[in-house]
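# Topology and contacts: notes
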Amino acid sequence: MLSMAPRLLALVALHLVMGTAQACRFAQDAQPAQWYEWADSLFAADVTSVEADAGKSGDVINLRVVETFKGPAGAATASLRVPSRMWSSCRLERPAVGARVLVALNPNSDTLLVPLTPRYSELLRSDPGYRSRGDALGSD
């Protein structure tokens, strides 16, 4: 039974690494329809501050919401706690103040935050999953 412990630990470690790798690939390569499927809330925002939270091994990213693609509309600001390992694991740059980002939150409280270009914003708006602010508020 003791010989099983190292194997079990190796399997758990492999699963964690593979899960991180899949999340990173998704963050870098996802098409608009995949973002809409994965996220409960999906919005564009400008970074207003980035603060290290050493006690939680993460960063607190404060945002000004500029557009809601999916989810409840009306939030003017948001604060996200992002694990520091996401930047290095996914080879993403920590966003600078003033950067435009795409923020996705899923039902498991997982957060993805990636740079957002004007062209990709247009792709998100043209996807069938896009809901205008009026639709999100129930004014059909």
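The structure reproduced in this document is the subject of the present report.

The rules we used
Residues numbered from 1 in each chain as written. Predicted model: local features only at pLDDT ≥ 70, side-chain atom pairs only at ≥ 80, totals over all residues. Heavy atoms only, no water. Helix = DSSP H or I, 4+ residues; strand = E, 2+ residues; numbered from the N terminus. Buried < 20%, exposed > 50% of the residue type's maximum accessible area, 1.4 Å probe, protein only. Contact = heavy atoms within 4.5 Å. Areas by Shrake-Rupley, 256 points an atom, 1.4 Å probe, with all protein chains shown as cover. Core = buried A, V, L, I, M, F, W, Y, C linked by side-chain atoms within 4.5 Å. Salt bridge = Lys/Arg side-chain N within 4 Å of Asp/Glu carboxyl O. Pairing = 2+ DSSP bridges. Axes fitted to C-alpha atoms, helices over the stretch in contact; angles between N-to-C directions.

### What about the overall build of the protein chain?
- Across its full length, the protein chain carries five helices and five strands.
- Going from N to C terminus, the protein chain has its helices and strands arranged as α-α-β-β-β-α-β-β-α-α.
- Expressed as a percentage of its 140 residues, the buried residues of the protein chain come to 36%.
- Look at the contacts in the protein chain between residues 6 or more apart in sequence, and 59% of them connect residues 24 or more apart.
- By element, 56% of the accessible surface of the protein chain is carried by carbon and sulfur atoms, the whole surface being about 8,800 Å².

### Re the side chain of Asp53
- Within the secondary structure, Asp53 sits in strand S1 (residues 41–53).
- Residues contacting Asp53, with those up to four places away along its chain left out, are Gly58, Asp59, Val60 and Arg81.

### Examining the nonpolar core
- Residues Trp35, Leu42, Leu63 and Leu102 are the most contacted members of the largest nonpolar core, which totals 31 residues.
- The set of elements that each furnish at least two residues to this core consists of helix H2 (32–38), S1, strand S2 (58–70), strand S3 (77–83), helix H3 (85–89), strand S4 (100–105), strand S5 (111–115) and helix H4 (118–126).
- The element that contributes the greatest number of residues to this core is S1, accounting for five residues.

### Digging into the pattern of salt bridges
- Scanning the model with the defined rule gives six salt bridges in all.
- Note that Asp46 is salt-bridged to Arg64, the shortest N-O span being 2.6 Å. Taken together, the residues span a long stretch of sequence, with Asp46 in strand S1 and Arg64 in strand S2 at a distance of 18 residues.
- A relative accessible area of 13% means that Asp46 is categorised as buried.
- Its salt-bridge partner being Arg125, residue Glu67 comes within 2.7 Å of it at the nearest N-O pair. One end of the pair, Glu67, is in strand S2; the other, Arg125, is in helix H4, and 58 residues separate them in sequence.
- For Glu67, a relative accessible area of 15% puts it in the buried group.

### Here's the deal with the sheet that holds S3
- Taken in spatial order, the five strands make up an open sheet running S3-S2-S1-S4-S5, and their pairing is antiparallel. Looking at which strands have only one partner, the edges of the open sheet turn out to be S3 and S5. On average, each strand axis in the sheet is tilted by 40° relative to the strand beside it, whichever way the strands run.
- Taken together, the eleven bridges between S1 and S2 define a ladder with antiparallel strand orientation. Bridge assignment links Asp53 to a residue of S2, and that residue is Gly58.
- Each of S1, S2 and S4 touches H4; the most contacted strand, S2, lies at about 50° to it.

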